[in-house]
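# Close look at the chain arrangement
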Amino acid sequence: MAPITVGNVIPDGKISFFDENDQLQTVSIHSFAAGKKVVFFGVPGAFTPLCSMSHVPGFIEKAGEFKSKGIDEIICFSANDPYVMKAWGKTYTENKHVKFVGDGSGEYTHLLGLELDLKDKGMGVRTRRFAMLLDNLKVTVANVESGGEFTISSAEDILKAL
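An unreviewed UniProt entry lists the protein under the name Glutaredoxin-dependent peroxiredoxin, with Camelina sativa given as the organism. Per UniProt, the protein has the following entry under Sequence similarities (unreviewed entry): "Belongs to the peroxiredoxin family. Prx5 subfamily." UniProt, in its Subunit (unreviewed entry) section for the protein, records the words "Monomer."

So this is what it looks like as structure tokens:
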């Protein structure tokens, strides 16, 4: 499947996360993001070094700037189960705005066309690193990394596009 690109409507599919009451929610991405401006960024794996020390912290640190520019939701997405994503999210005690969302089976990652084969590293098929802007489900920015790179999907890159 070809990766999602600018101008596409994001495909519908299920995402899972823990809400503010610590209840597991599995919802349609369309029902969750319809009518909203969303920063949607993906990482290969929870608790991995580059994701944990660089990619995620940037979005947490810049969350206020995103909100001031009209962003309704900031979603961190990975082909990890929602329990792992919840545990990872709790390590960022200063986080108030980034929602950690799991795709344990990788089905939504596949719908996006953003699989990253890391079987040779013992990690299976994961989510390719990316950052997108969605406006009422339409992709307005799609910064998708090649391989394990981290060159175009930072919080700063997405802020520049707003």
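Continuing now.
In terms of nonpolar packing, the biggest core is built from 24 residues, with F41, F59, F66, I74, C76 and W88 touching the most fellow members. Every element with two or more residues in this core is listed here: strand 3 (37-42), helix 2 (49-61), helix 3 (63-68), strand 4 (73-78), helix 4 (82-90), strand 5 (98-102), strand 8 (130-135) and helix 6 (155-161). If one sorts the elements of this core by residue count, helix 2 sits on top with four residues. Among all residues touching C76, those that are not within four sequence positions of it are F41, V43, V56, M85, W88, V98, K99, F100 and V101. Core analysis: the second largest hydrophobic core is formed by 21 residues, F17, V27, L112 and F130 among them.

This part is about the side chain of S154. Within the secondary structure layout, S154 lies in the loop between strand 9 (138-144) and helix 6. With a relative accessible area of 12%, S154 lands in the buried category. A distance of 2.9 Å separates a polar atom in the side chain of S154 from a polar atom in the side chain of D157. If near-sequence neighbours (up to four positions away) are discounted, S154 is found in contact with H55 and F59.

Here we come to the environment of T109. By the element assignment, T109 lies in helix 5 (residues 107-112). For T109, a relative accessible area of 2% puts it in the buried group. Residues T109 and T5 lie 104 residues apart in sequence; the distance between their C-alpha atoms is 14 Å. Beyond its immediate sequence surroundings of up to four residues, T109 is in contact with F77, A79, D103, L114, E115, R126 and T127. A polar contact is formed between the side chain of T109 and the side chain of T127, at a distance of 2.9 Å.

By the element assignment, A142 lies in strand 9. Expressed as a C-alpha distance, the spacing of A142 and G89, which sit 53 residues apart in the sequence, is 24 Å. Excluding residues within four positions of it along the chain, A142 makes contact with I4, T5, V6, A131 and M132.

Further remarks concern the pairing of strand 8. Of all the six residues making up strand 8, five are buried; the element is thus mostly covered by neighbouring parts of the structure. Bridging between strand 3 and strand 8 involves six bridges; their strand directions are antiparallel. Pairing of K37 across the sheet is with D135, part of strand 8. Of the strand pairs in this sheet, strand 8 and strand 9 are connected by six bridges, and their pairing is antiparallel. The residue bridging A131 from the neighbouring strand is N143, located in strand 9.

Rules and cut-offs
- Residues numbered from 1 in each chain as written.
- Predicted model: local features only at pLDDT ≥ 70, side-chain atom pairs only at ≥ 80, totals over all residues.
- Heavy atoms only, no water.
- UniProt positions renumbered as here; feature names shortened; annotations may be inferred.
- Core = buried A, V, L, I, M, F, W, Y, C linked by side-chain atoms within 4.5 Å.
- Buried < 20%, exposed > 50% of the residue type's maximum accessible area, 1.4 Å probe, protein only.
- Helix = DSSP H or I, 4+ residues; strand = E, 2+ residues; numbered from the N terminus.
- Contact = heavy atoms within 4.5 Å.
- Polar contact = N/O pair within 3.5 Å; in protein donor to acceptor, adjacent residues only side chain to side chain.
- Pairing = 2+ DSSP bridges.

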